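Spelled out, the chains give:
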Amino acid sequence: APYLNDLAQAAGKLWFGTATDQPGTGEDTNILYQTILNNTHIFGQITPANAMKFVSTEPEQNVFNYTGGDIDVAIAQDHGKYLRCHNLVWATQISDFVLDGNWSADELTAIMQNHISNVVAHFGGACYSWDVVNEALNSNGTFSPSVWYDTIGPEYFYLAFQFAQEAVDALPAGTPKPKLYYNDYGIEAPGNKSTATENLVKELQARNIRIDGVGLESHFEVGGTPSLEDQIAQKEAYVALGVEVVITELDIRFTQANATNSTGFAQQAQDYYDTVESCMEVDGCVGITVWDFDDQYSWIPSTFPGEGAATLYNADFTRKPAYYAVGDALQGV
Ligand code: G3I
């Protein structure tokens, strides 16, 4: 079978990678899962699916827990993989003290700054990048509700990047500087949300606040994946602003369980091919990450009951046609 990361790197990309969700999810005790995860010929990068989020890293105010995140740092270092660090500011998976504190704007801003500065300092140069703000927009392009937006207003977005820039710049001399990303879904093809994302990048740049990249989650549906042309055009639109892009959370789910037949798997393979190909066609698209690699550990069935089969491997770790289609796209076949 093709070695996906080797092919990606031979083609000039930084990685083909995967999210991983440890400890406590069963991935850590599954030998087959571990063997594939650790194989850097296949996956040259990891993203912690949950371990670096606010609720994981600061469960109580100013009490930090890096246990899970440090496991991901060790996996990356032991096996020579890049690490995307995910995420600092999001509406979801926030600790109760943030949600229940009835904080003023100034107080919540201080909480955000304290979180960002501590977490960025702890993981330091181990992170290739940080998703500084995650999923800040509604589909119509306006800011979506969150404790941050509702309390601080739109300024929270720019402050988060400013605090992240300050935290990165405060790392010890010689430390590789993590890149600062905005990460979202529904911004992979032209549309209101993508235009709004371009405007956020421009506004940060106008304020002289650093943003290095846009993460395109790419949670797609079989048969409903944006076209190759649209995916290329939107990546080029971001890159034209002077930032890089990464496909950060790729998976392509079946919306109907009874569609997982040979026709359906062929369509899924084509959708994976087009998405990976769109990154190959754009120099500023530096890497491709799937949101875990085996159906057994996919987030989809618990969030979308009846949907699934979204990853590159069947639950028994056999490869789907989509796996080989990704290999073809990485090789330019
Ligand atoms: O840790 C608790 C555990 O103590 C408890 O017993 C268990 C019972 O439900 O829940 C566990 O927490 C779960 C957590 O994953 C860790 O497994 C949460 O319920 C569950 O909601 C959470 O789901 C995560 C989801 O983000 C939360 O929104 C998924 O694993 C994770 O893959 C998913 O990742 C997001 C990205 O961060 C952003 N983009 C979308 C993507 C998919 O939703």
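Caption draft 1: Spotlight on the overall build of the protein. Scanning the protein from terminus to terminus reveals 13 helices and nine strands. Here the C-alpha atoms of the protein give a radius of gyration of 19 Å, agreeing with the 20 Å that 2.2 N^0.38 yields for 333 residues. Taken over the C-alpha atoms alone, the protein extends approximately 55 × 40 × 40 Å along its principal axes. A buried classification covers 56% of the 333 residues belonging to the protein. Counting contacts in the protein only where the partners sit at least 6 residues apart, residues at least 24 apart contribute 77% of the total. Total accessible area on the protein is roughly 12700 Å²; 49% of this is exposed by carbon and sulfur atoms. Across the protein, the mean location of the 14 positive side-chain charges is 5 Å away from that of the 43 negative side-chain charges.

Caption draft 2: Representation of the site of the ligand within the structure. With respect to spatial proximity, 14 residues lie near the ligand, and among them Asn50, Lys53, His86, Glu135 and Glu249 are the closest. Contacts to the ligand include Trp291, whose side-chain N or O atom sits 2.9 Å from an oxygen atom. For the ligand, the protein covers 48% of the area, taking 780 Å² as the surface of the free molecule. Its residues assigned to classes, the shell around the ligand shows three nonpolar, six polar and five charged.

Caption draft 3: Highlighting the pattern of salt bridges. Throughout the structure, instances matching the rule amount to nine salt bridges. Across the salt bridge formed by Arg207 and Glu203, the nearest N and O atoms sit 2.8 Å from each other. Salt-bridge contacts for Lys320 lead to Asp295; the nearest nitrogen and oxygen are separated by 2.7 Å. Placement of the pair is Lys320 in the loop between helix H12 (300–303) and helix H13 (321–331) and Asp295 in the loop between strand E9 (285–290) and H12, with a sequence separation of 25 residues. In terms of burial, Lys320 and Asp295 fall into one category: buried.

Caption draft 4: View of the nonpolar core. With 90 residues, the main nonpolar core has Trp148 and Phe157 as its most contacted residues. The element that contributes the greatest number of residues to this core is helix H8 (residues 155–169), accounting for 10 residues. Setting aside residues up to four positions removed in sequence, Trp148 forms contacts with Phe54, Val89, Trp90, Ile94, Val98, Leu108, Met112, Gly153 and Tyr156.

Caption draft 5: Region of interest: unusual backbone geometry. With omega at -5°, the peptide bond leading from Gln22 into Pro23 counts as cis. Inspection of the secondary structure puts Pro23 in the loop between strand E1 (15–20) and helix H2 (31–38). Cis geometry is adopted by the peptide bond preceding Asn87, which originates at His86 and carries an omega value of -5°. Look at Ala309: it is not a glycine, yet its phi comes out positive at around 50°. With respect to the helices and strands, Ala309 occurs in the loop between H12 and H13. Overall, the relative accessible area of 21% leaves Ala309 in the partly exposed class.

Caption draft 6: Representation of the state of the cysteines in the model. For the structure shown, the criterion picks out two disulfides. The disulfide partner of Cys85 is Cys127, and the S-S distance across this bridge is 2.1 Å. Looking along the S-S bond of the Cys85-Cys127 disulfide, the torsion reads about -85°, which is the left-handed sense. With Cys85 in strand E3 (residues 82–89) and Cys127 in the loop between helix H6 (105–123) and strand E4 (129–134), the pair connects residues that are 42 residues apart, well separated along the chain. Accessibility assignment for this pair places Cys85 and Cys127 in one class, buried. At a sulfur-sulfur separation of 2.0 Å, the disulfide partner of Cys279 is Cys285. Around the S-S axis, the bridge from Cys279 to Cys285 shows a dihedral of about -100° and counts as left-handed.

Caption draft 7: Structural view of the packing of aromatic side chains. A complete count under the given rule lists 24 aromatic pairs for this structure. Ring centres of Phe54 and Trp148 lie 5.9 Å apart, and the angle between their planes is 40°; on these two criteria the pair is classed as tilted. Taken together, the residues span a long stretch of sequence, with Phe54 in helix H3 (residues 54–57) and Trp148 in helix H7 (residues 147–152) at a distance of 94 residues. A single burial state applies to Phe54 and to Trp148, both of which are buried.

Caption draft 8: Structural detail: the side chain of Ser278. Of note, Ser278 is situated in helix H11 (residues 262–280). When its relative accessible area of 0% is taken as the criterion, Ser278 is described as buried. For Ser278, the residues in contact, after removing those within four places along its chain, are Leu228, Gln231, Ile232, Lys235 and Ile247.

Reading the values: rules and limits
Residues numbered from 1 in each chain as written. Predicted model: local features only at pLDDT ≥ 70, side-chain atom pairs only at ≥ 80, totals over all residues. Heavy atoms only, no water. Helix = DSSP H or I, 4+ residues; strand = E, 2+ residues; numbered from the N terminus. Rg over C-alpha atoms; globule rule 2.2 N^0.38 Å. Buried < 20%, exposed > 50% of the residue type's maximum accessible area, 1.4 Å probe, protein only. Contact = heavy atoms within 4.5 Å. Areas by Shrake-Rupley, 256 points an atom, 1.4 Å probe, with all protein chains shown as cover. Lys, Arg positive; Asp, Glu negative; His and termini not counted. Charge placed at Lys NZ, Arg CZ, Asp CG, Glu CD. Near = heavy atom within 4 Å. Polar contact = N/O pair within 3.5 Å; in protein donor to acceptor, adjacent residues only side chain to side chain. Nonpolar A, V, L, I, M, F, W, Y, C, P; charged D, E, K, R; others polar. Salt bridge = Lys/Arg side-chain N within 4 Å of Asp/Glu carboxyl O. Core = buried A, V, L, I, M, F, W, Y, C linked by side-chain atoms within 4.5 Å. Disulfide = S-S within 2.5 Å. Phe/Tyr/Trp six-rings, centres within 6.5 Å; stacked < 30°, edge-to-face > 60°.

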